[in-house]
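As a plain string of letters, each chain reads:
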Amino acid sequence: MLKIAVIGSGTMGNGIAHVFAQHGRQVVLIDTNEKALEKGLSTIGKNLDRQISRGIIQAEEKGVVLANITTHTQLESGVQNADIVVEAATENTQLKLDIFRQLDRHCPKNTILATNTSSISITKIAAATERPEKVIGMHFMNPVPIMQLVEVIKGYKTSEETTHQIMSIAKGLDKLPVEVNDYPGFVANRILMPMINEAIYTLFEGVAGVEEIDTVMKLGMAHPMGPLQLADFIGLDVCLSILNVLYEGLGNPKYAPCPLLVNMVEAGNKGVKSGEGFYIHTQGSKELIVSERFKK
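How each quantity is defined
Residues numbered from 1 in each chain as written. Predicted model: local features only at pLDDT ≥ 70, side-chain atom pairs only at ≥ 80, totals over all residues. Heavy atoms only, no water. Helix = DSSP H or I, 4+ residues; strand = E, 2+ residues; numbered from the N terminus. Rg over C-alpha atoms; globule rule 2.2 N^0.38 Å. Buried < 20%, exposed > 50% of the residue type's maximum accessible area, 1.4 Å probe, protein only. Contact = heavy atoms within 4.5 Å. Areas by Shrake-Rupley, 256 points an atom, 1.4 Å probe, with all protein chains shown as cover. Pairing = 2+ DSSP bridges. Salt bridge = Lys/Arg side-chain N within 4 Å of Asp/Glu carboxyl O. Axes fitted to C-alpha atoms, helices over the stretch in contact; angles between N-to-C directions. Phe/Tyr/Trp six-rings, centres within 6.5 Å; stacked < 30°, edge-to-face > 60°. UniProt positions renumbered as here; feature names shortened; annotations may be inferred. Patch = residues over 30% accessible without salt bridge, like charges linked within 9 Å, V, L, I, M, F, W, Y side chains within 5 Å. Domains from an automatic or database assignment. Buried area = accessible area lost by both parts, 1.4 Å probe. Polar contact = N/O pair within 3.5 Å; in protein donor to acceptor, adjacent residues only side chain to side chain. Nonpolar A, V, L, I, M, F, W, Y, C, P; charged D, E, K, R; others polar.

### Description of the overall build of the chain
Then comes step 1: Within the chain, the secondary structure is distributed over twelve helices and ten strands.
Then comes step 2: The globule rule puts the C-alpha radius of gyration for 296 residues at 19 Å, and the 19 Å found for the chain is close to it.
Then comes step 3: Expressed as lengths along the three principal axes of its C-alpha atoms, the size of the chain is roughly 55 × 45 × 30 Å.
Then comes step 4: Burial status across the chain gives 46% buried among its 296 residues.
Then comes step 5: For the chain, the share of sequence-separated contacts (at least 6 apart) that also reach a separation of at least 24 residues comes to 65%.
Then comes step 6: Total accessible area computed for the chain in this model is approximately 14,600 Å², and 52% of it derives from carbon and sulfur atoms.

The following block contains the structure:
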């Protein structure tokens, strides 16, 4: 049976660990912060409870899933037996390069090294290793236990064998993998982020308010969530990071981040994670309250 290691116990990391463990895989969840690991396991438990309440899994399955997950604070010991590593650390290029250099040193030679990056070049990450043919993008969507799509991104030197294996593994998780090539933003964020950025520009230029913009996109375009609410959910800092990757990688001014987005991130208003973005976010409440800054 394949052994999985997941690097990072945040929203994406614990979601990825959850899905693998739910499908019978032995998972090592790795994070340098013990409290982050505890929080990650707690989140997995709560998400399993939601699945039970909705009849997706049986109550007795929760213990089995959690038993499939062990935790480590040391990368070296956590990955030494892994067949596949999925890195889900913060969307920071230098951090990911450092992690992949370590993975290359400490993982068995046949281990596939996957990254959950939403925009950073797979080819660049692979170049930090001595096994570029075994480095690939495995971009899960958030929330991982619910969303079906996985973008599978081939770097310049990713082998067909590695790509085939990851496509097959994703299907085994009841996901729908889509193979794409390694260019800035891949497919999902190359299309999504300019839309979000344009929504922010529409607010910035006074065309309409927060609720009005989101309502037009929900009711007029059948989007389940408006672009400004979605930006808050993703994290405004993450949106800014991805837009910068697109702008720098493609050199087209249409990808330049809106100054309002830059200012909000610099001020610490990052959306759900900070409690305020375009909306006020209170833990345990689903009510959408527009930030006072954007009220007319």
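The discussion continues.
### Examining the pairing of strand β5 (residues 112-115)
Then comes step 1: Neither face of β5 is open: one carries Ile112 and Ala114, the other Leu113 and Thr115, and all of them are buried.
Then comes step 2: Where strand β4 (residues 84-87) lies against β5, four bridges are found, and the strand directions are parallel. Bridge assignment links Val85 to a residue of β5, and that residue is Leu113.
Then comes step 3: Pairing analysis gives three bridges linking β5 to strand β6 (residues 135-140), with the strands arranged parallel. Looking across to β6, one finds that Thr115 is bridged to Gly137.

### Focus on the pattern of salt bridges
Then comes step 1: For the structure shown, the criterion picks out nine salt bridges.
Then comes step 2: Asp104 is paired through a salt bridge with Arg131; the nearest N and O atoms lie 2.8 Å apart. Of this pair, Asp104 sits in helix α5 (residues 93-106) while Arg131 is found in the loop between α6 (122-126) and β6, placing the two residues 27 residues apart along the sequence. In this structure, Asp104 and Arg131 share a single accessibility class: buried.
Then comes step 3: A salt bridge links Lys295 to Glu292; the shortest N-O distance between them is 3.4 Å.

### Some remarks on the sheet that holds strand β7 (residues 149-154)
Then comes step 1: With respect to topology, eight strands assemble into an open sheet ordered β3-β2-β1-β4-β5-β6-β7-β8, the strand pairing being mixed. This sheet does not close on itself; its edge strands, each paired only once, are β3 (69-72) and β8 (176-181). Strand-to-strand twist of the sheet, defined as the mean angle between neighbouring strand axes without regard to direction, takes the value 25°.
Then comes step 2: Packed on one face of the sheet, helix α1 (residues 11-22) meets β1 (3-7), β2 (26-30), β3, β4 and β6 and runs near 170° to β2.
Then comes step 3: Relative to β5, α5 is tilted by about 165°, and along the sheet it contacts β1, β4, β5 and β6.

### Overview of the packing of aromatic side chains
Then comes step 1: If you walk through the whole model with that rule in mind, you get two aromatic pairs.
Then comes step 2: Between Tyr201 and Phe204, the aromatic rings sit 6.3 Å apart at their centres with planes inclined by 70°, giving edge-to-face as the arrangement. Residue Tyr201 and its partner Phe204 are both found in helix α8 (residues 188-204); the two are separated by three residues, about one turn of the helix.
Then comes step 3: Residue Phe204 is classed as partly exposed on the basis of its relative accessible area of 44%.
Then comes step 4: Their ring planes at 35° and their centres at 5.5 Å tell us that Phe278 and Phe294 sit as a pair that is tilted. Of this pair, Phe278 sits in the loop between α12 (259-266) and β9 (279-280) while Phe294 is found in the segment after β10 (289-290), placing the two residues 16 residues apart along the sequence. By the burial criterion, Phe278 is buried, and Phe294 matches it.

### Structural notes on the UniProt feature "binding site: NAD(+)" (unreviewed entry) in the chain
Then comes step 1: Listed under "binding site: NAD(+)" (unreviewed entry) in the UniProt record, and renumbered for this structure, are Gly8, Ser9, Gly10, Thr11, Met12, Gly13, Asp31, Glu91, Lys96, Ser118, Asn142 and Lys273.
Then comes step 2: Those residues in contact with Met12, other than ones at most four positions away along the chain, are Ala88, Asn116, Phe140, Met141, Asn142 and Val144.
Then comes step 3: Considering the arrangement of structural elements, one finds Lys96 in helix α5.
Then comes step 4: Ignoring anything within four residues of it in the chain, the contact list for Lys96 reads Glu87, Ala89, Thr90, Glu91, Thr115, Thr117, Ile120 and Ile125.

### Section: a nonpolar patch on the surface
Then comes step 1: Taken together, the side chains of Leu149, Leu176 and Val178 make up a nonpolar region of the molecular surface, amounting to roughly 230 Å² of accessible area.
Then comes step 2: As for its placement among the helices and strands, Leu176 is situated in strand β8.

### As for the domain arrangement of the chain
Then comes step 1: By the assigned domains, the chain splits into domain 1 (3-181) and domain 2 (187-294).
Then comes step 2: Just the C-alpha atoms count here: the centres of domain 1 and domain 2 sit 26 Å apart.
Then comes step 3: Each partner contributes to the interface: domain 1 provides nine residues, whereas domain 2 provides seven residues.
Then comes step 4: For the pair domain 1 and domain 2, the summed buried area comes to about 640 Å², and 58% of that belongs to carbon and sulfur atoms.
Then comes step 5: Where domain 1 meets domain 2, there are zero salt bridges.
Then comes step 6: Where domain 1 packs against domain 2, one counts three residue pairs in polar contact (both at pLDDT 80 or more).
Then comes step 7: Of the residues assigned to the side of domain 1 that touches domain 2, the class counts are three nonpolar, four polar and two charged.

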